[in-house]
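Chain by chain, the residues run as shown.
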Amino acid sequence: MPKKDYLEGAINHFKHQEIKIIEVEEWGLTGDDAIYVKPFTLLEKSELFKDNNDLTVLIDIIVKKSENKDGEKMFDLESKIKMKKFVDPDIVGRIASEIIGTQSSNADLKKK
């Protein structure tokens, strides 16, 4: 008799998580240009927050998780440097909070 896989349900649940869509009017990222965010894995979260007590972790979150509607990364290392110097930190904080937030309304979610 095969051994029961007790993690199968948890893995299937994660595979079917919805993609969060975040619009940032201040940056012109609305509609098709909005930020699309796949759910974090535990590994991704641990990499971001490991020994990181710096507020730039907010930028790391945005750079790591932001994709366009085609699944391509929106930001890179150069974007990170520019965000540190030239972008409103309150907007960065708001976007990062929406990305890592666990509460979302169905209007903010879209299946890919």
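Residues numbered from 1 in each chain as written. Predicted model: local features only at pLDDT ≥ 70, side-chain atom pairs only at ≥ 80, totals over all residues. Heavy atoms only, no water.

### Focus: the overall build of the protein chain
At step 1: When helices and strands are tallied, the protein chain shows 5 helices and 3 strands.
At step 2: The order of α-helices and β-strands along the protein chain, N terminus first, is α-β-β-α-α-α-α-β.
At step 3: Every one of the 112 residues in the protein chain was classed for burial, and the buried ones make up 28%.
At step 4: Long-range contacts, defined here as pairs at least 24 residues apart, represent 60% of the contacts in the protein chain between residues at least 6 apart. (Helix = DSSP H or I, 4+ residues; strand = E, 2+ residues; numbered from the N terminus. Buried < 20%, exposed > 50% of the residue type's maximum accessible area, 1.4 Å probe, protein only. Contact = heavy atoms within 4.5 Å.)

### Some points on the side chain of Glu44
At step 1: Within the element layout of this structure, Glu44 appears in helix α2 (residues 42-49).
At step 2: A polar contact is formed between the side chain of Glu44 and the side chain of Lys65, at a distance of 3.0 Å.
At step 3: Once residues lying within four places of it in the same chain are set aside, the contact partners of Glu44 are Pro39, Lys64 and Lys65. (Polar contact = N/O pair within 3.5 Å; in protein donor to acceptor, adjacent residues only side chain to side chain.)

### Describing the pattern of salt bridges
At step 1: A full pass over the atoms with the stated rule returns 8 salt bridges.
At step 2: Salt-bridge contacts for Lys65 lead to Glu44; the nearest nitrogen and oxygen are separated by 3.0 Å. With a gap of 21 residues between them, Lys65 in helix α3 (residues 57-65) and Glu44 in helix α2 connect regions that are remote in the sequence. Note on accessibility: Lys65 and Glu44 belong to one class, buried.
At step 3: When the shortest N-O distance is used, the salt bridge between Lys82 and Glu78 registers 3.2 Å. In this pair, Lys82 and Glu78 are both assigned in helix α4 (residues 77-86), 4 residues apart and thus about one turn of the helix distant.
At step 4: Each of Glu26, Arg94 and Glu98 takes part in a single network of salt bridges with overlapping partners. (Salt bridge = Lys/Arg side-chain N within 4 Å of Asp/Glu carboxyl O.)

### Focus on the environment of Ile81
At step 1: When you line up the elements, Ile81 lands in helix α4.
At step 2: Judged by relative accessible area, which is 45%, Ile81 ranks as partly exposed.
At step 3: As for Ile81 and Ile59, which are separated by 22 residues in sequence, their C-alpha atoms are 9.2 Å apart.

### Thoughts on the packing of α3 against helix α5 (residues 89-100)
The description of two packed helices rests on the angle between their axes and on the distance between the axes.
At step 1: For the pair α3 and α5, the least separation of the axes is 9 Å and the interaxial angle reads 60°. In terms of orientation, α3 lies oblique with respect to α5. Pair α3 / α5 crosses with left-handed handedness. Contacts between α3 and α5 involve Leu58, Ile59, Ile61, Ile62 and Lys65 from the former and Val92, Gly93, Ile95, Ala96, Ile99 and Ile100 from the latter.
At step 2: Grouping the constituent residues of the contact of α3 with α5 by class yields 9 nonpolar, 1 polar and 1 charged. (Axes fitted to C-alpha atoms, helices over the stretch in contact; angles between N-to-C directions. Parallel < 35°, antiparallel > 145°, perpendicular 65-115°, else oblique. Left-handed = near helix turned anticlockwise from the far one by under 90°. Nonpolar A, V, L, I, M, F, W, Y, C, P; charged D, E, K, R; others polar.)

### Quick look at the environment of Glu44
At step 1: Judged by relative accessible area, which is 19%, Glu44 ranks as buried.
At step 2: Spatially, the C-alpha atom of Glu44 lies 9.4 Å from that of Lys65, the residues being 21 residues apart in sequence.

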